Each structure stands twice: as structure tokens, then as C-alpha cells.
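Okay, here's what each chain looks like letter by letter:
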Amino acid sequence: FDRVCSVDAGALTEEVHAGGDDGGNGADGDGGDGADDGGGGDLDTKGEATAKLTAKETKKDGGFATSLLVRYARAIGGGWLSLYFSSLLATYAALLFADVQLSLFVETAATSRDAATQHLLVYLATALGHVALIVVASVSFAFGCVRASRSLHRNVVAKLMHAPLSWYDSTPSGRTMSRFTTDVSQVDLQLSLELDNTFQMSSSLLMLCGLVAVVARPLMTALVPVTLVTWGVLLLVIDRNNREVKRLSNNAVSPVLSSVYEIKLGAPIVRAMGFAPFFARRAAAAIERWASLVYYQRALQTWGQHVSSHLSFLLCGTCSVYLVATREERSAELGALTLTYVLMLPYFAGLLAMLFPTMRTYLACLERLLEYLELPQEAPRSLASDPPPAEWPTDGGRIVFNDVRLRYRPNLPLALCGFSAVVAPRTKAGIVGRTGAGKSSLILALFRLVELEGGTIEIDGRSCAGLGLAALRRAISIIPQDPVLHKGSVAHNLDPFGKRTPAELGAALRRAG
């Protein structure tokens, strides 16, 4: 090395040039509290507030925000939504019209063959149109939801990749894994399916109730709305409880994944220290809590479906008796069609009572995923004032640390306390110090993985704070202490962004030996 810098308590204590000469420019070491490179040193040595190592996972309360559905609708796209709802409306209008034509065909079959044939042809054409429209509706909604999933995943990953290091330090990996496994899977596969099923069943139920209320009037015209309101209140009661249980179960997944991840990484130490029973009990407790919440959720859904079936059965029985008692007021064919629709009410009501709360529980997964769109972000990647790569750095890499102060998180002590040093261009400098002295903190400050609380770092006359992160990090190279080989070819590992020619890659390999 051309010089060796000794660091202690986050400050330069001694600077020795090659040959043992004392540089004489060492900063006083009594600059503040020492901290571990990870920001976990003594937290109360100078009266500073104690900081928790990890932040508690939050859970939202109350109903889902309207912005949640608005964001998802925007991600689907206005074009796909317009096509879907227009197709859905036309689908069940065609189904109702086809059934009416079938009843007219039965009514006119004995009196007019030509009229019966006409009604039959209209029925066949409308039935085929119904099938085509329901395919169009389902396919358009599927394409829209795929578009939404792709957009949400891309945006969430972008926010996650640009989150500051302090957020990663305070967030257990299980929370991130649960969102990108369970939540992403349920949003991609289940939410879109349950939304489509809910809209389809709701349209069917409204069509059935509409025909019954019109044909079996005046009793059913008054009774059907009352029953629908009562049924809606029932669904809201189930949804409120089911929603909170789903939020709790989503949060309960994170400890399970974190426990498994910790056991996997620390298996040798766990065995050597005899901690296997402790980790087994902790993992079992986390799994039991998650499983119990899932059981409560399923029980609520089953109870709602059971009560809904009884309510719709009462409506079905009342309407059937009324249709039979007033059969002289309408044609037999129309009465038979109405009675058929009435008998289908318990099935559709029970099915919708299961689908609606299930769909709402998957909105909790979407809610957790969208929380990552609000993550804190690093400084801007690029600025208009960033110099082109050919213009900076050009002076051989002169690095000036001027009264650098760095703190990993609020309420933690300073990891770098007034560090000042100069690294001359085209020289090698070694940094030595005890564990927790601040050696790694200098690297984090240089790359701006952690922003400075005070002081400046300049490279070839430019302040690192005045550069975009992309321009700064592109100009600095680092050899990691733990080598990482990414999946793919050697060329991909050498040049992941594809900016070098094969000849340049070959020359780099030859120089490396």
C-alpha cells in the first residue's frame, strides 16, 4: 500500500505512509461513539434514544381504501374494463332474452307453427350470442388482469430495488418473501379469478331477481328488494370479520418464512449449539398461529354460505307458493320460467355468499403488495448535471473525505464521526481498525448506500452528493468479500448489462490470469 489509515470509533486516528513515515494529519479519535459496521453498537452511551433492530410489521384496520380498487382498475386499463363490463351486461341480457324466447316458443307451438319456428330461431341465435359474449368477457378480463399483474410486479420490484439500506436493515426477509410468494401468487391467480366469478354470479343473481320481481308482482316486487338488502348486510358483517382475519393471517406468514430461512442458513450453528428444540418450538408456534387464522377464515366463509342458503330458501319457498296460488294471472309458460329461476336462487345466492368474502380477502393481499409502492427511496438515479463517463473521473481518482459523519438510522450513534482523509490519485490505501471501527462504513458512504449526516466526499473535485447514484456507482468498482456467481454464462457475469464486446471480455479474463 502507498499508505495505511487506522480507524477507530469512526474517526481517523493514524495515517502511515509507505516506509513508516507518520503522515501527521490524523484526526482526533475522540469524535463520538463507536458503532458496529451494521449500525448495531452500544445505543445508549451518550444518552441517545435506543433504536429497535427491526420495525414492527404494520396492519391496516377498517375497510379497504377506495384507492386500492382504483389503482387495480388503472393497472387493468380502461379499455379492457369497458370491454369486459359491456360484454358482461350483454351476456346476461342475451341469456334472459333467450329464456323468454324459449317460453314464447312453448306457448305458440300449439297454435302457430311459423311463430314457434321464429321464436326457436331467435332463441338459438341468442344462445349462441350468449356463449360468444361470455367468452369475450372472460378473455378480456383475463388479459386485463395479466396486464395489471405485470404492471404491479414491475412497479413493486422497482421500488424494492431502490429502497435505502436502512429499510433492508430494519425489515426481516420473511416479510418481503411473503409478499413476493403468497401475496403475488394470490393476486396473479386468485384475485382475478374471484373477481370475474363474483361479477358473473352477481349478474346472474340480479337477472334472476329482476325477472321474479317483475313477473310475480306485487308481492315479490316488495319482498325481493328487502331480501337483497338483508342478504347484503349479512355479507358485510361476514366481510368485516373475514377481512381482519385475512390481514392477520397474511402477517402471520412472515414469521413462518423468516424462521425457515434462519434455520436453513444457520443449520450448522443451531446443531453445534444444541438450539434445535428452541427453533423447532418457535417454528411450530408460528405455523400454528397461521393455521388457526386460516381455519377461522374458512369457518366464517362457510357460516356465511350456510346462512345465505337459508335466507334464499325462504325467498324461494315464498315465491313458489305465490306463483302457484296466482297461476291464473299469467301464462303457464311464463310462470314455469319464473318458477325455474326461483328454484335457482338458493344456488346462486349461496355461491355468491362464498365468492364475495373470498374475493375481498384477496384484496388484502393486493393491499399488502401495494404497500411496497410507498417504500422510502434512495436519492435520484440520474441528474441533469451528471457528467458524461468520458469527462469524469479524469484525474486518476483523487478521493477527499472532509469531516464525514454517518449514521445508519435515526436514534443510532454515529458510525463515522468527523472522518477526514485524502487518497491521492492512482495510489493504494489500506484501512485498518478493530471490529466496529467504521471500515465498512467508509465504503457504504463512498457508494452512498447510506447518506451522510454531515461532511462531504469528493472524487476528482466533484462532490458525491451532487451526482446521481447511477453516475457515481458507475465510476466506482468493488470486489466483494463474498464472491457471487449469478446464473448464466461467464460473459453475463462479467458484463451483465451487455456493454462490452467479446474481445474486451476476453482481454479482461487474460489480465486476471
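Residues numbered from 1 in each chain as written. Predicted model: local features only at pLDDT ≥ 70, side-chain atom pairs only at ≥ 80, totals over all residues. Heavy atoms only, no water.

**Q** It is not clear to me how the overall build of the protein chain should be interpreted in this structure. Could you clarify?
**A** Scanning the protein chain from N- to C-terminus turns up 13 helices and 7 strands. In the protein chain, once contacts between residues fewer than 6 apart in sequence are set aside, the share between residues at least 24 apart is 78%. When the accessible surface of the protein chain is summed, it comes to about 28000 Å², and 63% of that surface belongs to carbon and sulfur atoms. (Helix = DSSP H or I, 4+ residues; strand = E, 2+ residues; numbered from the N terminus. Contact = heavy atoms within 4.5 Å. Areas by Shrake-Rupley, 256 points an atom, 1.4 Å probe, with all protein chains shown as cover.)

**Q** Sorry if this is basic, but what is going on with the nonpolar core here?
**A** The tendency in soluble globular proteins is for nonpolar side chains to be buried as a group. Ranked by size, the top nonpolar core spans 62 residues in total, and within it Tyr72, Leu191, Met220 and Leu366 carry the most contacts. Within the residue set of this core, elements represented by two or more residues are helix H1 (66-76), helix H2 (78-108), helix H3 (113-161), helix H5 (173-215), helix H6 (219-265), helix H8 (276-325) and helix H9 (332-370). At 18 residues, the largest contribution of residues to this core is made by H9. Core analysis: the second largest hydrophobic core is formed by 24 residues, Ile399, Leu406, Ala445 and Val450 among them. (Core = buried A, V, L, I, M, F, W, Y, C linked by side-chain atoms within 4.5 Å. Buried < 20%, exposed > 50% of the residue type's maximum accessible area, 1.4 Å probe, protein only.)

**Q** How should the pairing of strand E3 (residues 399-406) be read in this particular structure?
**A** Both faces of the sheet carry side chains from a regular strand, because those side chains alternate between them. Bridge analysis of E3 against strand E4 (residues 416-423) gives 6 bridges, and the strand direction is antiparallel. The residue of E4 that forms the bridge with Val400 is Val422. (Pairing = 2+ DSSP bridges.)

**Q** Is there a simple way to think about the environment of Asn402 in this case?
**A** With respect to the helices, strands and loops of the structure, Asn402 is situated in strand E3. Exposure remark for Asn402: the relative accessible area of 43% places this residue in the partly exposed category. Setting aside its immediate chain neighbours within four residues, Asn402 contacts Phe419, Ser420, Gly455 and Thr456.

**Q** Explain unusual backbone geometry here, please?
**A** Among all residues save glycine, negative phi is the norm, and among peptide bonds the norm is trans. The omega torsion of the bond from Trp392 to Pro393 falls at -5°, within 30 degrees of zero and hence cis. Mapped onto the fold, Pro393 is located in the loop between H9 and E3. Non-glycine residue Asn411 carries a positive phi angle of around 75°. Looking at the element boundaries, Asn411 is found in the loop between E3 and E4. One non-glycine residue with positive phi stands out, namely Arg448, at about 60°. Relative to the elements of secondary structure, Arg448 occurs in the loop between helix H10 (439-446) and strand E6 (452-459).

**Q** Help me understand the layout of surface pockets in this model?
**A** Left-over empty space is what a probe sized like a water molecule reveals as it rolls over the atoms. Looking at the largest pocket, its volume works out to about 2000 Å³. For the lining of the largest pocket, the secondary-structure elements that each account for two or more residues are helix H4 (165-170), helix H11 (469-474), helix H12 (490-494) and helix H13 (502-512). Here the element with the most residues in the lining of the largest pocket is H13; it accounts for 7 residues. Classifying every residue of the lining of the largest pocket by side-chain character gives 23 nonpolar, 5 polar and 9 charged. Roughly 1200 Å³ of volume is contained in the second largest pocket. Together, 31 residues line the second largest pocket, and Ile443, Leu446, Phe447, Ser477 and Ile478 are the ones closest to its centre. When contributions to the lining of the second largest pocket are tallied by element, the ones reaching two or more residues are E3, E4, strand E5 (429-432) and H10. Ranked by the residues each element gives to the lining of the second largest pocket, the list is headed by H10, at 6 residues. (1 Å grid on protein atoms, 1.4 Å probe; cavity = no way out; pocket = protein on both sides within 12 Å on 5 of 7 lines; lining within 4 Å. Points joined across faces, edges and corners; volume = space filled by probe spheres on them. Nonpolar A, V, L, I, M, F, W, Y, C, P; charged D, E, K, R; others polar.)

**Q** Please clarify how H2 should be interpreted in this entry.
**A** Three or four residues apart is the spacing at which side chains of an α-helix point the same way, because the helix has 3.6 residues per turn. The terminal C-alpha atoms of H2, which comprises 31 residues, lie 44 Å apart, in line with the 45 Å expected from a rise of 1.5 Å per residue. Here H2 has its buried residues at Leu81, Tyr84, Ser87, Leu88, Thr91, Tyr92, Ala94, Ala98, Asp99, Gln101, Ser103 and Thr108. Close packing links the buried residues of H2 with H1, H3, H5 and H9. (Expected span 1.5 Å × (residues − 1).)

**Q** Looking at this model, I keep getting lost on the pattern of salt bridges. Mind explaining?
**A** A side chain with one charge can pair with a side chain of the opposite charge if their charged atoms come near. Going through the model one piece at a time under the given rule, you end up with 9 salt bridges. In this structure, Glu371 engages Arg179 in a salt bridge whose closest nitrogen and oxygen atoms are separated by 2.9 Å. Of this pair, Glu371 sits in the loop between H9 and E3 while Arg179 sits in helix H5; the two residues are 192 residues apart in sequence, bridging distant segments of the chain. Given the relative accessible area of 19%, Glu371 is considered buried. Residue classification places Arg179 among the buried residues on the basis of a relative accessible area of 4%. Close ionic contact of Arg473 with Glu378 constitutes a salt bridge, the shortest N to O distance being 3.1 Å. Here Glu378 lies in the loop between H9 and E3 and Arg473 lies in helix H11, a separation of 95 residues in the sequence. For the pair formed by Arg473 and Glu378, the shared burial category is buried. (Salt bridge = Lys/Arg side-chain N within 4 Å of Asp/Glu carboxyl O.)

**Q** Help me out: how do you make sense of empty space enclosed by the protein in this one?
**A** Here the structure, examined in full by the defined rule, presents 2 cavities of 30 Å³ or more. Of the voids in this model, the largest cavity is the one considered here, and its volume is about 90 Å³. Residue lining of the largest cavity: Leu205, Cys209, Thr227, Leu228, Trp231, Ser308, Leu311, Ser312, Leu315, Leu345 and Ala349, and that is the complete set. In terms of residue count, H8 provides more of the lining of the largest cavity than any other element does, 4 residues in total. Considered class by class, the residues forming the lining of the largest cavity number 8 nonpolar, 3 polar and no charged.

**Q** Even after reading the chapter, I still don't get H10, so can you show me in this structure?
**A** For H10, the set of buried residues is Ser441, Leu442, Leu444, Ala445 and Leu446. Directly after H10, the chain includes Arg448, whose backbone phi takes a positive value near 60°.

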